[in-house]
Amino acid sequence: MATMQIPVVRRAPDRLFIGGEWVDAASGARFPTLNPATGEVIAEIAEAGERDVDAAVEAARRAFEGPWRTMDAADRGALLWRIADALEARASDLARLESLDNGKPIREAQIDLRQVVDVFRYYAGWTTKLHGETLPVRGNILNYTLREPVGVVGAIIPWNFPLTMAAWKVAPALACGNTVVLKPAEQTPLTALELAAIAAEVGLPAGVLNVLPGYGETAGAALVRHPGVDKIAFTGSTAVGKVIMREAAETLKKVSLELGGKSPNIIFADADLDAAVRGAFAGIFYNAGQCCTAGSRLLVEEAVHDAVMEKLLDRAKRFEPGDPLDPKTRMGPLVSEEQLARVLGYIERGRAEGVEPVVGGRRATYQGEEKGYWVEPTIFDRVRPDHTIAQEEIFGPVLATLVFRDEDEAVDIANRTIYGLAAGIWTRDLKRAHRVAGRLQSGTVWINTYHPLDPATPFGGYKQSGYGRELGAYALDLYTQVKSVWVDLN
């Protein structure tokens, strides 16, 4: 196997970005960010703490009450468009940096960058289209509404799609006239810092976007508790989402949560099996299974079970680790040693409950050595709905295959989890496709495809997969509040 390529990127900032300035952490603390493919340190990054959160929130408040709120909407839109242009011009370098810091194959990082650019351009167009209404109330009275920004937004993002998740929150929040304090995941801070650098270069006013790398237990918790933060937008695990809800209740700040998933991908016997297997394989093994929407439960109708498994196993056996910076690579590592231990622990839990993987199930080697955080693509077959690996989010390249006999059983199994983020349906029967889509408790349903997303369409979960909808016009509701104005004309 070829030696890992060294990415050609300019040195990423390694300090906090507060009030338009690059500053060291108040405590002087720093932490390492690692290359998941090798476990080697990429850089040491300033570690934000409570005092840094105070400074960033103060800077965001000054900007909100000053130049940003009074700026013409069209000018805000122009700045967002300039951020998109700068991201697009630097997309190749940013994709390499994302791949290096996160471990995902460069091809997937390039897909992410295209979406990041599209998201900023989409919301740049919304800045001049946020408006209220006039309402026909009784009497000689003019009543109208104003749609206003919420204020200071604390955005806490995960490590699986670092720059994409930043865009999903920063772009609509800024479009609506808010200011943002962004806390990237401690595992993947580099592209968020580059976003701050780009925002400053294109002329975003100081304090409108602040970026605080650090740990969730310290910087993230301080941001959630801070009385100067008006809203928290969080993407991450359901367990942490529940903690955020409890902490945010103290100051009654607005909260939106995009949380975990255990998404069912349902293959009916009449489906195009080749297409279904391609979709099922990508649905679980894309980004090494580190997707909240991963199709981690594959529900297969009994009549085609053997045929589906044969095709799946053939693909899995050819799916091997490769240099993440090689465009031909499709399998990357997990993001961290902690995630490696978590995924391997779930595999052992499956074995302990009486299910043996039909393929994979072990730590994978990379370049002939046991280095980095690699796991073999793993498939468990004929899993029961009550097995742990069919109920809990593993967040790794581990597929649980379940068998059903008819449509009702498929829907029952699909809905039998605490989650409801996404689902897939594979069938040639158009009536069945729409009928089952309506019965699934899921915020997104894909029919004869899996994982497409677009800035114009809403994304979010049912049940314990969270609440609120990101993307599309629906995201504007997360970052605005409505004021009713009454004028007596008598």
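Described in the following lines is the structure provided in the data block. (Residues numbered from 1 in each chain as written. Predicted model: local features only at pLDDT ≥ 70, side-chain atom pairs only at ≥ 80, totals over all residues. Heavy atoms only, no water.)

**Focus: unusual backbone geometry**
What counts, and what does not: A run of DSSP states H or I qualifies as a helix once it reaches four residues; a run of E qualifies as a strand once it reaches two. Both are numbered from the N-terminal end. Residue exposure (1.4 Å probe, protein chains only): buried if accessible area is under 20% of the type maximum, exposed if over 50%, otherwise partly exposed.
In this model, Ala288 sits at a positive phi of 55°, which is unusual for a non-glycine residue. One can find Ala288 in the loop between α9 (273-285) and β13 (297-301). The phi angle at Arg382 is positive, at roughly 50°, despite the residue not being glycine. As for its placement among the helices and strands, Arg382 is situated in the loop between β15 (378-380) and β16 (398-404). For Arg382, a relative accessible area of 43% puts it in the partly exposed group.

**Here we look at the packing of helix α2 (residues 73-89) against helix α5 (residues 162-175)**
To keep things clear, this is the line we draw: Angles here are taken between N-to-C directions and fall from 0 to 180 degrees, while the axes themselves are lines fitted to C-alpha atoms, restricted in helices to the stretch in contact. In this scheme, roughly parallel covers angles under 35 degrees and roughly antiparallel covers those over 145, while 65 to 115 is roughly perpendicular and the rest are oblique. Helix crossings fall into two classes, left-handed where the near helix is turned counterclockwise from the far one by less than a right angle and right-handed where it is turned clockwise. Throughout, a contact is declared for two residues whenever any of their heavy atoms are within 4.5 Å.
One can describe the packing of α2 onto α5 by two numbers: an axis separation of 10 Å at closest approach and a directional angle of 160°. In terms of their interaxial angle, α2 and α5 are classed as roughly antiparallel. Both α2 and α5 take part in a crossing whose hand is right-handed. Residues Arg76, Leu80 and Leu87 of α2 touch α5, and the partners they reach there are Leu163, Ala171, Leu174 and Ala175.

**Describing the sheet that holds strand β22 (residues 480-488)**
Backbone-to-backbone hydrogen bonds join strands into a sheet, with any given pair of strands oriented parallel or antiparallel. Note the following rule: Strand pairing requires that DSSP identify at least two bridges connecting the strands.
Strand order in this open sheet of 3 strands is β5-β6-β22, and the pairing throughout is antiparallel. The strands lining the two open edges of the sheet, one partner per strand, are β5 (134-135) and β22. Pairing geometry for strand β6 (residues 141-149) and β22, over 9 bridges, is antiparallel. Counterpart to Pro149 in the pairing with β22 is Thr480.

**So, the packing of aromatic side chains**
Test applied: Only the six-membered ring of Trp is used, alongside the rings of Phe and Tyr, when aromatic pairs are assigned; centres must lie within 6.5 Å, and planes under 30 degrees apart are stacked while those over 60 apart are edge-to-face, with the rest tilted. Both a distance and an angle decide whether a charge sits over a ring: NZ of Lys or CZ of Arg must be within 6 Å of the ring centre and within 35 degrees of the ring normal.
Inspection of every chain in the model, using the stated rule, returns 11 aromatic pairs. Taken together, a centroid distance of 5.2 Å and an interplanar angle of 70° make the contact between Trp168 and Phe459 edge-to-face. Of this pair, Trp168 sits in helix α5 while Phe459 sits in the loop between β19 (444-447) and β20 (462-463); the two residues are 291 residues apart in sequence, bridging distant segments of the chain. The same class applies to Trp168 and to Phe459, which are both buried. Connected via pairs of aromatic rings, a cluster forms that spans Phe281, Phe285 and Phe319. The ring of Trp68 has Arg76 sitting right over it, with the charged end atom 5.9 Å from the ring centre.

**Let's talk about the pairing of strand β10 (residues 231-235)**
Spelled out, the test is: By convention a crossover is right-handed if, when the strands point away from the viewer, the path from the first strand over the helix to the second runs clockwise.
The buried count for β10 comes to 5 of 5 residues, which makes it a mostly enclosed element. When strand β7 (residues 152-156) meets β10, the two strands line up parallel, connected through 4 bridges. Each residue of the ladder has a partner; that of Val153, found in β10, is Lys231. Two strands pair when backbone bridges link them, and β10 and strand β11 (residues 254-258) are joined in this way by 5 bridges, in the parallel orientation. Each residue of the ladder has a partner; that of Lys231, found in β11, is Lys254. The handedness of the β10 to β11 crossover, carried by helix α8 (residues 238-249), is right-handed.

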